[in-house]
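One letter stands for each residue in the lines below.
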Amino acid sequence: MPRPLKLAAAQMGPIHQTSKRTDTIHRMLTLLQRASSLGAQVVLFPECALTTFFPRHLITDASLLSSYYEHDDDLPNAPNTKLLFDEAKKLKIDISLGYAEMTPGGKSYNTSLYFSAHTGTILAKYRKIHLPGTSEPFSNPEAVNQLEKRYFHIGDLGFSAFRAPDLVPGVLKKGDVKEEDEGRTEGKGDPIMGMMICNDRRWPESWRCYGLQGVEVVLCGYNTAGYAPDLWGTRRVMTPGEAEEDAVFHHKLVMQSNSYMNSCFSISAAKCGLEDGKYDLIAGSCITSPEGHILAEAKTRGDEIVFAEVDLEDCRQGKEKTFDFARHRRVEAYGLITERTGVDEGGLL
Ligand code: CDT
């Protein structure tokens, strides 16, 4: 049965340390309205969409650091963000966005939420698990730092897929399952979504956790440096232009290959361009298919809507054939994946 869905990535150009929150929210409203004019039902904003990507800076001023986090758990009603959620409700568009979260208990996370416009509630939350970079800045004063391990705790919510209601008409609901349907409801219900954040996309484990829950759309916002040799290594010397091309290549490589290997669509949304006057972030927001193809991609390095109309039924081919996990996975051979974290070469000959 066809299950059509209109997806969009809301790519955002730079947000500077000096940018005003209200201006950023207004840019997001403009993007939502553009997405609405295309008929989008789900719009994904980037990682840390409300501020500059502050983990690149060593921030010693406590009140400045505190200003980068959302302290109110109820974002749809918080003064900083209410306008965005009201607009999403008005336009009947589900939104997902990344933000720096400070819990009432004082724990900080790099978080993403999914807001259902139809129910008017936050359906799901994800806290970034793979925090890249270092806790301390590099000794090279020119290095681009990635101090996420300093500013965030490791996410504690796992990779929990969820269904988004009221997007696809005519889907099978729990109450409608007949005896003859029993055990054959896969691919017939509301869309199954999963969120990950930036660096998580480079780890097949993140995708497989969602794949095993039947995920149909993976949502991934990101802030990826275009030139950061201290982070990536310097074995191959590259110009900033070559490095940025390589970073976009790796971004698309992981989105396409993991979408294919888990038979799901994916949306990725960048924050991009030159932030804070000198830090380059890649663009390359895209929507990929379960066969690993790019269906739509950003053409600019600024605010832009990337849109695709998809049919979730296209996930079935991979899920039922090449990647039918129940028939083909061999968990008895995969023990090392959860038993061991780092590499052990097992000694020399
Ligand atoms: N924001 C974020 O997670 N950025 C990382 C940089 C890691 S350096 C390879 C990313 O994976 O894009």
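Computed from a prediction, not measured in an experiment: that's the story for all the values here.

(A) Expanded view of the packing of aromatic side chains. Summed over the entire model, instances satisfying the criterion amount to 10 aromatic pairs. Taking the centre distance of 4.9 Å and the plane angle of 5° together, the rings of F54 and Y68 count as stacked. Separated by 14 residues along the polypeptide, F54 in the loop between β2 (42–44) and α2 (62–66) and Y68 in the loop between α2 and α3 (82–91) bring together distant segments of the chain. Looking at F54, the relative accessible area reads 0%, which means it is buried. Owing to a relative accessible area of 6%, Y68 belongs among the buried residues under this scheme. Seen in terms of ring centroids, F85 and F115 are 4.9 Å apart; in terms of plane orientation they differ by 85°. Their pairing is edge-to-face. Taken as a pair, F85 in helix α3 and F115 in strand β4 (residues 108–116) lie far apart in primary sequence, 30 residues in all. An identical accessibility class is assigned to F85 and F115; each is buried.

(B) Structural view of the nonpolar core. Counting 46 residues, the largest nonpolar core has L5, Y114, M193 and V217 as its most contacted members. Per-element accounting of this core gives the leading share, 5 residues, to strand β8 (residues 217–222). L32, F45, L75 and I305 belong to the second largest nonpolar core, which has 26 residues in total.

(C) Layout of unusual backbone geometry. Backbone geometry at C198 places phi at a positive 40°, although glycine is not the residue there. By secondary structure assignment, the location of C198 is in the loop between β7 (192–197) and α5 (204–211). Here the phi dihedral of D276 falls at roughly 50°; this positive angle occurs in a residue that is not glycine. One can find D276 in the loop between β10 (273–275) and β11 (279–281).

(D) The arrangement of the packing of α5 against helix α7 (residues 240–261) in detail. Where α5 contacts α7, the two axes come as close as 10 Å, and the packing angle between them is 35°. Along this stretch, α5 crosses α7, giving a crossing that reads as right-handed. In contact with P204, W207 and R208 of α5, α7 contributes V254, M255, N258, S259 and M261. Each residue belonging to the contact of α5 with α7 can be placed in one class, and the counts come to 5 nonpolar, 2 polar and 1 charged.

What counts as what
- Residues numbered from 1 in each chain as written.
- Predicted model: local features only at pLDDT ≥ 70, side-chain atom pairs only at ≥ 80, totals over all residues.
- Heavy atoms only, no water.
- Phe/Tyr/Trp six-rings, centres within 6.5 Å; stacked < 30°, edge-to-face > 60°.
- Helix = DSSP H or I, 4+ residues; strand = E, 2+ residues; numbered from the N terminus.
- Buried < 20%, exposed > 50% of the residue type's maximum accessible area, 1.4 Å probe, protein only.
- Core = buried A, V, L, I, M, F, W, Y, C linked by side-chain atoms within 4.5 Å.
- Axes fitted to C-alpha atoms, helices over the stretch in contact; angles between N-to-C directions.
- Left-handed = near helix turned anticlockwise from the far one by under 90°.
- Contact = heavy atoms within 4.5 Å.
- Nonpolar A, V, L, I, M, F, W, Y, C, P; charged D, E, K, R; others polar.

None of this, on its own, says anything about what the molecule does.
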